[in-house]
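# Structural features, examined
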Amino acid sequence: MPGNPRKVNRGPAASADNRRAILAAARKVFAERGYHAPLSAVAKEAGVGQGVLYRHFPTRLELAFAVFDEDWTEYEALSASPDPGAFGRLWALIVDKTIDEAAFVEMVVDARRNATGYDGAERMRALLGPPLARAQQAGLVDRRLTVDDVMLAQRMAFGIVVTATDGTDLRRQVRHALAVAGLLPPG
């Protein structure tokens, strides 16, 4: 008589796979439902129990930071590129992520309020400064543009995303606002 097919508990051997599944699920759930989505939804999407989720990520903020760090690696690679066009690609990526994954901007706001020593603004300044300077030297970007201007424009884009009553036209709305401000990313 055949037994019930059950998932085998691999215990600690499954730790790395569970972590990857949790990170992928968090990215999806946060993108669909926002930063304050129930963590039980993340665990369910990942196919793990809540205990497993909390073992890996004791707080919502730690989970969001881990997902955001995946984006940060991509940002750092673009920032380090000697190509003067890297700033435009980096800026376009940041705007796209702001539109597609606004939950992670919510995480930054939460971190500013609750995580002592959070250095997100300084990290962003250090990330944007070198490629912006290279783009300005190459004549690709207005020399008067500052890193703080770019960061303000990103906050403006986020404001459009979170206050939109209809999310179907967000890209056009954000691009229009950034064009008016003279900060439209390429593409």
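Rules used in this analysis
- Residues numbered from 1 in each chain as written.
- Predicted model: local features only at pLDDT ≥ 70, side-chain atom pairs only at ≥ 80, totals over all residues.
- Heavy atoms only, no water.
- Helix = DSSP H or I, 4+ residues; strand = E, 2+ residues; numbered from the N terminus.
- Areas by Shrake-Rupley, 256 points an atom, 1.4 Å probe, with all protein chains shown as cover.
- Expected span 1.5 Å × (residues − 1).
- Buried < 20%, exposed > 50% of the residue type's maximum accessible area, 1.4 Å probe, protein only.
- Core = buried A, V, L, I, M, F, W, Y, C linked by side-chain atoms within 4.5 Å.
- Contact = heavy atoms within 4.5 Å.
- Phe/Tyr/Trp six-rings, centres within 6.5 Å; stacked < 30°, edge-to-face > 60°.
- Axes fitted to C-alpha atoms, helices over the stretch in contact; angles between N-to-C directions.
- Parallel < 35°, antiparallel > 145°, perpendicular 65-115°, else oblique.
- Left-handed = near helix turned anticlockwise from the far one by under 90°.
- Nonpolar A, V, L, I, M, F, W, Y, C, P; charged D, E, K, R; others polar.

### Some remarks on the overall build of the protein chain
- Helix and strand counts for the protein chain come out as 9 helices and 0 strands.
- The order of helices and strands in the protein chain, counted from the N terminus, is α-α-α-α-α-α-α-α-α.
- Only carbon and sulfur atoms are counted for the fraction: they give 54% of the accessible area of the protein chain, which is about 10700 Å².

### Some thoughts on helix H5 (residues 86-100)
- An ideal rise of 1.5 Å per residue puts 21 Å on 15 residues; H5 measures up with 21 Å between its terminal C-alpha atoms.
- Most of H5 sits inside the fold, with 12 of its 15 residues counted as buried.
- Within H5, the full set of buried residues consists of Ala86, Phe87, Gly88, Leu90, Trp91, Ala92, Leu93, Ile94, Val95, Lys97, Thr98 and Ile99.

### Notes on the nonpolar core
- With 58 residues, the main nonpolar core has Ile22, Val42, Leu63, Trp91 and Leu128 as its most contacted residues.
- A per-element tally of this core places helix H4 (residues 60-80) first, with 9 residues.
- Apart from residues no more than four positions distant in its own chain, Ile22 is found in contact with Val42, Ala46, Val48, Val52, Leu53, His56, Phe57 and Leu63.

### Comments concerning the side chain of Thr98
- Position of Thr98 among the secondary structure elements: in helix H5.
- Accessibility expressed as a relative area gives 3% for Thr98, which makes it buried.
- For Thr98, the residues in contact, after removing those within four places along its chain, are Val105, Gln154, Ala157, Phe158 and Val161.

### Some thoughts on the packing of aromatic side chains
- Going through the model one piece at a time under the given rule, you end up with 4 aromatic pairs.
- Centroid distance Phe68 to Trp72: 5.6 Å. Interplanar angle 50°. Geometry classified as tilted. Of the two residues, Phe68 and Trp72 both sit in helix H4, 4 residues apart, roughly one turn of that helix. Like Phe68, the residue Trp72 is buried in the burial classification.
- Note on Trp72 and Tyr75: the rings are 5.7 Å apart at their centroids and 75° apart in plane angle, and the pair reads as edge-to-face. With Trp72 and Tyr75 both in helix H4 and 3 residues apart, the pair spans about one turn of that helix.
- The class for Tyr75 is buried, based on a relative accessible area of 3%.
- Clustering of aromatic rings is evident, with ring pairs tying together Phe68, Trp72 and Tyr75.

### Things to note about the packing of H5 against helix H9 (residues 170-180)
- Relative orientation of the contacting elements H5 and H9 amounts to 135°, with a least axis distance of 10 Å. As judged from the angle between their axes, H5 and H9 are oblique. At the point where H5 passes H9, the crossing takes the right-handed sense. Contacts from Trp91, Val95, Asp96, Ile99 and Asp100 of H5 reach H9 at Leu170, Arg171, Val174 and Leu178.
- When grouped by side-chain class, the residues that make up the contact of H5 with H9 number 6 nonpolar, no polar and 3 charged.

### Comments concerning helix H1 (residues 15-33)
- Here H1 contains 19 residues, and its C-alpha end-to-end distance of 26 Å stays within 8% of the 27 Å for a straight helix at 1.5 Å per residue.
- Within the sequence span of H1, burial applies to Ile22, Leu23, Ala25, Ala26, Arg27, Val29 and Phe30.
- Positioned one or two residues after H1, Gly34 has a phi angle of 95°, which is positive.

### Digging into the environment of Glu101
- Within the secondary structure, Glu101 is located in the loop between H5 and helix H6 (102-114).
- Between the alpha carbons of Glu101 and Ala31 there is a distance of 4.9 Å; along the sequence they are 70 residues apart.
- Those residues within four positions of Glu101 in sequence are excluded, and the remaining contacts are Arg27, Ala31 and Asp71.

Function cannot be inferred from these measures alone, as they are strictly geometric.
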